[in-house]
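Each chain, letter by letter, is given below.
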Amino acid sequence: MRLPRVLPVLPAIAVIALLGLPIGPGGEGGAGPADAVSALMVLYCGIRLVRDRRRPLSRTAAVILGLPVVGLAIAATGAATPGAGISGMGRYLQIFVLVPAAVLLLIRHRGDFRVLAWSFVGLALWQGAIGVHQFLTGTGASYQGQEIRAVGTFGAQDVMGMATVVCFGLICAVGLALGTTAVRQRAVAACCALALLVPLALSFSRGAWIATAVTCSVQLVLAGMRRALKVGAVVAALGVILVGGFGVGSAMLQERVNSITQVTDAPDQSVTDRYTMWAAAVDMWREQPLTGVGLKGFPEHRDAHASLALSAGSDTEGAGAAFRKQPLLSPHNMYLLILAEQGLIGLLALAGGWLALVVCGLRGLARVRRSGDLGSGTGAGAGAGRGLDCGLVASGLLVWQLTDFMYADIGGPSTVLTAVCFGLAAWWGLVGSVPRESVPVPPPVPAHAEEAAAR
């Protein structure tokens, strides 16, 4: 692929690529190189818009992407300190407003979208390969006394980082395999998706498993019921074969899978902690139902609302890091975190924008299917204007993220990828799925008018 074709989206590719760099052992998961480049990307888009002197977004896009600002501004005023309010508002604006808007503006057409989707797949393969190596060599994060948990370059301080990256890559690969025109690309994407199942399993992340299963099922249904049944049968058969070939890992995987159904009967300490923090978040919201306790207020109010069942923190070790007790500073549920810190106003603003993106994306998919724009052409470049694969990728990333938010929240180096995902979903729902013939074309300028202007 020639550089001029990817030059406009190169800043977004750089954000994705920088997450392949190793993170120092014992890092606290603050802002990293990818976050710095994302800020430069936003600055670049701002300068370009000022230079071009044009309205950057449609009215609908501006409303949907700008809606969270209302709740954030109110919650920032209620923060315990001005510094906490400013830093918390900056982080939320980065993830849910500025970076998504920048990605939307950088993407020119579906070809750019596909380049970013393949960038997700490439990063996932890289992190997944490191994770599998960690499992095989016993150099991963600690899990049940053994350093076998696949965490990629993110280390033990961010055990969900690699799982998130692998899930994004897997979803992009599934979308490309179901919708891309060229047979070779479909085959490569399908092979990548199957390969990424291994590091996903070795991440031992129950939340990532659930979100991925839900998302891939949705993608298959959106691509067609007949194909969904065929692919589902193949994946189920391969899953049995892969899990059966893991040896000692299969027993651990089976135990981890069984623990999903035991969250109410015999929950482990991590599940107990999560339920306790969920209850604490709800109590905070009841005290301040409209505005919440303020941005970054959950850690400060946690102990006053949590029961004695909450442990002091989670144990982290391995992958080059020494043993440490990692404090529990969030409820591990994005919706409850927003509800506790921003109240109903903040939750309605953020979740309302996400729901609008879901509706716009699904409408775009329905429009593509009705128009027959399914990528069924043949020959080199026949799928350049097709859109089913882009719609499946965008919808899948959004469904996965909104599902994962039920038992996870923002935090860690991989969070910037969430912003890129929202940008891809916003571009598809608000720009990419709109038929070209629906865009008004200015009338041609008469020849005599051109001559007069020249004179």
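Quantities reported herein were computed from a predicted structural model and do not represent experimental measurements.

Participant: Outline the packing of helix 15 (residues 334-370) against helix 17 (residues 415-432), supporting the account with residue identities and numerical values.
Facilitator: Contact geometry for helix 15 and helix 17: axes closest at 8 Å, N-to-C directions at 50 degrees. In terms of orientation, helix 15 and helix 17 fall into the oblique class. In terms of crossing hand, the pair formed by helix 15 and helix 17 is left-handed. Within the contact between the two elements, helix 15 uses Trp354, Leu357, Cys360, Gly361, Gly364, Leu365 and Val368 and helix 17 uses Phe422, Ala426, Trp428, Gly429 and Leu430. Each residue belonging to the contact of helix 15 with helix 17 can be placed in one class, and the counts come to 9 nonpolar, 3 polar and no charged.

Participant: For the nonpolar core, give the residues involved together with the corresponding values.
Facilitator: Counting residues in each nonpolar core, the largest one holds 120 residues, and the members touching the most others are Tyr92, Phe96, Leu116, Phe120, Met334 and Trp354. At 14 residues, helix 8 (residues 161-179) tops the list of elements feeding residues into this core. Beyond its immediate stretch of four places on either side in the chain, Trp354 contacts Phe96, Met334, Tyr335, Ile338, Leu398, Leu402, Phe405 and Phe422.

Participant: Kindly report on helix 9 (residues 183-202), identifying the contributing residues and their values.
Facilitator: Spanning 20 residues, helix 9 covers 30 Å between terminal C-alpha atoms, matching the ideal 28 Å at 1.5 Å per step. Considered for burial, the residues of helix 9 that qualify are Ala189, Cys192, Ala193, Leu196, Val198, Pro199, Leu200, Ala201 and Leu202. In the stretch just after helix 9, Phe204 is the one whose phi turns positive, near 55 degrees.

Participant: With reference to specific residues and values, describe a nonpolar patch on the surface.
Facilitator: A cluster of nonpolar side chains, Leu40, Leu43 and Ile47, forms an exposed patch at the surface whose accessible area comes to about 310 Å². Its location among the elements puts Ile47 in helix 3 (residues 33-52). Assessed through its relative accessible area of 53%, Ile47 is described here as exposed.

Participant: Tell me about the packing of aromatic side chains, and name the residues and values.
Facilitator: Evaluation of the coordinates by the stated rule reveals 13 aromatic pairs. Summarising the aromatic geometry, the rings of Phe168 and Trp400 are spaced 5.1 Å apart at their centres and angled 70 degrees between planes, so their arrangement reads as edge-to-face. Residue Phe168 is found in helix 8, and its partner Trp400 is found in helix 16 (residues 388-404); the two are separated by 232 residues along the sequence. The two residues Phe168 and Trp400 agree in class, both being buried. Pairwise contacts between aromatic rings join Tyr92, Phe96, Tyr335, Trp354, Phe405 and Phe422 into one cluster.

Participant: Please provide a residue-by-residue account of helix 13 (residues 269-287), values included.
Facilitator: The end-to-end C-alpha distance of helix 13 is 27 Å, a good match for the 27 Å that 19 residues give at a rise of 1.5 Å each. All of the buried residues along helix 13 are Val271, Asp273, Thr276, Met277, Ala280, Ala281 and Met284. Each element contacted by the buried residues of helix 13 is listed here: helix 10 (206-223), helix 14 (298-305) and helix 15.

Procedures and definitions
Residues numbered from 1 in each chain as written. Predicted model: local features only at pLDDT ≥ 70, side-chain atom pairs only at ≥ 80, totals over all residues. Heavy atoms only, no water. Axes fitted to C-alpha atoms, helices over the stretch in contact; angles between N-to-C directions. Helix = DSSP H or I, 4+ residues; strand = E, 2+ residues; numbered from the N terminus. Parallel < 35°, antiparallel > 145°, perpendicular 65-115°, else oblique. Left-handed = near helix turned anticlockwise from the far one by under 90°. Contact = heavy atoms within 4.5 Å. Nonpolar A, V, L, I, M, F, W, Y, C, P; charged D, E, K, R; others polar. Core = buried A, V, L, I, M, F, W, Y, C linked by side-chain atoms within 4.5 Å. Buried < 20%, exposed > 50% of the residue type's maximum accessible area, 1.4 Å probe, protein only. Expected span 1.5 Å × (residues − 1). Patch = residues over 30% accessible without salt bridge, like charges linked within 9 Å, V, L, I, M, F, W, Y side chains within 5 Å. Areas by Shrake-Rupley, 256 points an atom, 1.4 Å probe, with all protein chains shown as cover. Salt bridge = Lys/Arg side-chain N within 4 Å of Asp/Glu carboxyl O. Phe/Tyr/Trp six-rings, centres within 6.5 Å; stacked < 30°, edge-to-face > 60°.

Read these as spatial facts, not as claims about activity.
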